[in-house]
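What follows is each chain in one-letter form.
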Amino acid sequence: MRILIVEDDAAVAGGVARILESEGFAVDSVARGEQAVLAATQERFDLVILDVGLPGMDGFEVLRRLRSQAEGVPVLLLTGRDAVDDRVHGLDLGADDYVAKPFAVSEVAARVRALIRRSQAHAGPKVVHGPLTLDTVARRAFLNDAPLELAGREWAVLEVLLAKVERVVSKDAIIQAVANWGEELSLNAIEVYVSRLRAKLEPAGIRIRTVRGFGYMLEDYKEK
Amino acid sequence: MTAQSLRGQLLRQLLPPIAALLALATVIAYYPTIEPATAAYDQALIDVGLALGDRIEYNDGKYSLDLPRAAERMLRTDRYDSIYFHVSAPDGAHIAGDEGMPTPPADETPADHVIAYNGTYAGKDVRVMAVMVPCNGRRCMVQVAETTYKRQRLLRYIVLSSLVPTVLIALATLMIVWFGVKRSLEPLDQLSDEIKARSPRDLRPVDAAVAPEEAKPLVGALNALLQEVAEANLNQQRFLANAAHQLRTPLAGLQAHTELAMAQPVPEACRSELEQVHLATVRTARLANQLLALARAEPGGGISAGLGPVELRQVVEGAADEWVHRAMARDLDLGFDLMDVRVYGDAFLLREALANLVHNSLEYTPAGGHVTVRTSVQGLDHRPVLEVEDEGPGIPPAERERVLERFYRAPGTGGTGSGLGLAIVREIAAVHGAKVEIGDPREGGHGCRVTLIFPPAGQRPSANER
């Protein structure tokens, strides 16, 4: 897995690089936007970590160029400015996620893992989350290599949660993703599907956390 | 120089000349009218005098007047005035009539053999015509006098009939000036109303089209000033954006490396030092964020785009993810109770206010406790409400006002706060015309509940928002 860090501050770049390297990623670092555009066209990266406030060509411009050239590469924005503006602008331009400075490097690492997992899920038919594997083409699930029975709605809810590991997903968002046309799904129904999923997945150490009054979050899988 | 009402000043300056002009007009109209009118009365008296002169007779060296009683009665008959006459011989001796008539002024030379003069007779003002008539080759004098009642009446009539229209014209002029000034000053009133109604964030130029020509330089100067302020604001925003980036980036580097260092196997003595450095870094980073937020909440701090409709629920949902992770790290149950509520405001600032409230609640609630973020409406006028409730130690009622001040921290407060969080909340609430209320949890028990109560839906914060 290769990651390109575009950040002019050596301390930030070094810190992020070190934690990612410790997690087994291959990391390249450049300090200027122009170099980043060049590097991304010449080589293949699995993810780009991009600072918005670069000298010269700024992060947004780099993002625009990346999107017109190397499409599909996930981009994680680092922003030091007031987050809302940059986030909206960055997401408009096609960034996949953003982290506001100053940040905990462990959080950056978590976001990187989630983004890479998501892009791989899009790339191949298989979604893997710890001991759980979803074959989205064959529509078959495996837990610890044993076949796992999932009802249609359970599958749909799980897919939504798997697409946003470590992110809070609101019940409304789940309903929108799961409900068919012209069909009303109650919040209670979602609770029922989630509790069934829990019964099946928690014995294997996969946890779905309830966020009271809001929704659910599939926790990152951690080896015991 | 003291400020004066333009209208008052105009009236004060217009009134004396108008009054003088009107007085002059009255006088000018009076004399040409009064002369022919009184001349007619005089002529009637002269005619009487001439008629009497014809009746003078001279016999045997004696003058006499042949005036039958009936004729004398007719002569003396007048509807309004008393008429007197006296006929005297060339030597001045009495011939007939009323004796004791005022004598004509000595220096007067008779014009057309008539001397006209004023005098008093029987205690009354009279007009006298002394007519010289030929008698026996010499000149006799017939004086005919008349009280002035008729003349006075005519005078009054003439004065009145010329005065009433002039006074009406004067009043009309004053009213025209009054309303004219009022009407021409109306655009100025509109202008000042428009400026009064503005929020301190609204730096758009004032529309000069409605201003009267004379006020255009004023509007122009005002707009130039507004533009300068807007430019200064823009510079400040750029400065803040740059400062934010410049400040946060090295802090991010510092934080990253202390975090990485702590993950290394380091000697125990070193570890606690490292933890202190890390904590200080995190606190500094937070303080930097808060100062920047405070700067942005000031007018001109970057909310120049103005306020707009904001869905509170979306503000909460957009930030929920970040807080949930922090709550999990502290083993707290962060929950939500969200209604679709719309306020008129700025999403960035609202998020910042909420972030500070949630941060405080997560900071002060002991592990295992609950923190709830709520959006709802309150009261008969359905005021939008944004609220964060926790199970921390709470804020004693005596401290609730003071904790909203900048850098104030309630005595005995643990944690690592800067004392800015609630001040930011108050500033941001003020921008939105909202009230900050600190109370006890809704369900009772210990804890703290901070509520932002916004103006009723659809109502914009008033202009004097700060």
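Here is a short report on the structure shown in this document. Quantities reported herein were computed from a predicted structural model and do not represent experimental measurements. (Residues numbered from 1 in each chain as written. Chains lettered and ligands numbered in written order. Predicted model: local features only at pLDDT ≥ 70, side-chain atom pairs only at ≥ 80, totals over all residues.)

As a further point, take the sheet that holds strand β6 (residues 126-129) of chain A. Residue and element names in this part refer to chain A. With antiparallel pairing, the 4 strands of this open sheet are ordered in space as β6-β7-β8-β9. In the strand order of this sheet, the two ends are held by β6 and β9 (146-148), each with one partner. Strand-to-strand, the axes of this sheet are offset by a mean angle of 25°, without reference to chain direction. Of the pairings in the sheet, the one linking strand β7 (residues 132-135) to strand β8 (residues 140-143) comprises 4 bridges and is antiparallel in character. (Pairing = 2+ DSSP bridges. Helix = DSSP H or I, 4+ residues; strand = E, 2+ residues; numbered from the N terminus. Axes fitted to C-alpha atoms, helices over the stretch in contact; angles between N-to-C directions.)

Here the focus is the sheet that holds strand β12 (residues 215-218) of chain A. Residues and elements named next belong to chain A. With antiparallel pairing, the 3 strands of this open sheet are ordered in space as β10-β12-β11. Every interior strand has two partners, whereas the edge strands, β10 (169-170) and β11 (208-211), have only one. Where β10 and β12 come together, 2 bridges link them in antiparallel fashion. Each bridged residue has a counterpart across the sheet, and for Ser170 the counterpart in β12 is Gly215.

Before going further, it helps to spend a moment on the environment of B:Val436. Residues and elements named next belong to chain B. Along the chain, Val436 turns up in strand β13 (residues 435-439). The spacing of Val436 and Glu387 is 49 residues in sequence and 9.6 Å in space, taken between C-alpha atoms. Beyond its immediate sequence surroundings of up to four residues, Val436 is in contact with Leu404, Val425, Arg426, Ala429, Val450 and Leu452. (Contact = placed C-beta atoms within 7 Å.)

Our focus in this paragraph is the packing of helix α2 (residues 33-42) of chain A against helix α3 (residues 59-68) of chain A. Residue and element names in this part refer to chain A. Running from N to C, α2 and α3 cross one another at 15°; their axes reach a closest spacing of 9 Å. Taken together, the axes of α2 and α3 lie roughly parallel to each other. The two elements α2 and α3 meet at a crossing, and its hand is right-handed. The residues of α3 that touch α2, namely those facing Gly33, Ala36, Val37 and Ala40, are Glu61, Val62, Arg65 and Leu66. Taken together, the residues of the contact of α2 with α3 sort by class into 5 nonpolar, 1 polar and 2 charged. (Parallel < 35°, antiparallel > 145°, perpendicular 65-115°, else oblique. Left-handed = near helix turned anticlockwise from the far one by under 90°. Nonpolar A, V, L, I, M, F, W, Y, C, P; charged D, E, K, R; others polar.)

Residue and element names in this part refer to chain A. Among the 5 residues that make up strand β4 (residues 75-79), 5 are buried, leaving the element largely enclosed by the rest of the structure. Here β4 shows a buried face lined by Val75, Leu77 and Thr79 and a second buried face lined by Leu76 and Leu78. Bridge analysis of strand β3 (residues 47-51) against β4 gives 4 bridges, and the strand direction is parallel. Looking at β4, one finds that Val48 is bridged to Val75. Direction of pairing for β4 relative to strand β5 (residues 97-100): parallel, over a ladder of 4 bridges. Opposite Thr79, over in β5, you have Ala100 as the bridge partner. (Buried ≥ 20, exposed ≤ 12 C-beta atoms within 10 Å, placed from the backbone.)

Here we take up the pairing of strand β2 (residues 62-65) of chain B. Residue and element names in this part refer to chain B. Strand direction decides the pairing type here: strand β1 (residues 56-59) and β2, joined by 4 bridges, are antiparallel. Note that in β2 the partner of Glu57 across the bridge is Ser64. As consecutive antiparallel partners, β1 and β2 are separated by 2 residues, and within that stretch Asp60 has a phi angle of approximately 55°, a positive value.

It is worth spelling out the interface of chain B and chain A at this point. Taken together, the contacts link 30 residues of chain B with 26 residues of chain A. Elements with a contribution of two residues or more to the side of chain B that touches chain A: α4 (216-262), α5 (268-297), α6 (312-329), β9 (333-338) and α7 (347-364) of chain B. At 15 residues, the largest contribution of residues to the side of chain B that touches chain A is made by α4(B). Residues that form the side of chain B that touches chain A fall into these classes: 16 nonpolar, 6 polar and 8 charged.

Now for α6(B). An α-helix turns once every 3.6 residues. As a result, residues three or four positions apart point the same way. All names here are of chain B. Across its 18 residues, α6 extends 26 Å between first and last C-alpha, which sits within 8% of the 26 Å expected from 1.5 Å per residue. Most pronounced at Ala320, the bend in α6 amounts to some 50°. Among the residues making up α6, those that are buried are Leu312, Val315, Val316, Glu317, Ala320, Trp323, Val324 and Ala327. In the segment just after α6, Asp331 is the residue with positive phi, at about 55°. (Expected span 1.5 Å × (residues − 1). Bend = angle between axes of the 7 residues up to and from the residue.)

This brings us to the environment of B:Arg204. For B:Arg204, the location among the structural elements is in the loop between α3 (149-196) and α4. For B:Arg204 and B:Leu226, which are 22 residues apart along the polypeptide, the C-alpha to C-alpha distance reads 7.2 Å.

With that settled, consider the packing of helix α6 (residues 152-163) of chain A against helix α7 (residues 171-178) of chain A. How two helices sit against one another is set out by the angle between their axes and by the gap between those axes. All names here are of chain A. Direction vectors running N to C along α6 and α7 enclose 125°, while the axes themselves pass 10 Å from each other. What the angle tells us is that α6 and α7 run oblique. When the axes of α6 and α7 are compared, the crossing they make is right-handed. Contacts from Arg153, Ala156, Val157 and Val160 in α6 reach Ile174, Ala177 and Val178 in α7. Among the residues forming the contact of α6 with α7, the class breakdown is 6 nonpolar, no polar and 1 charged.

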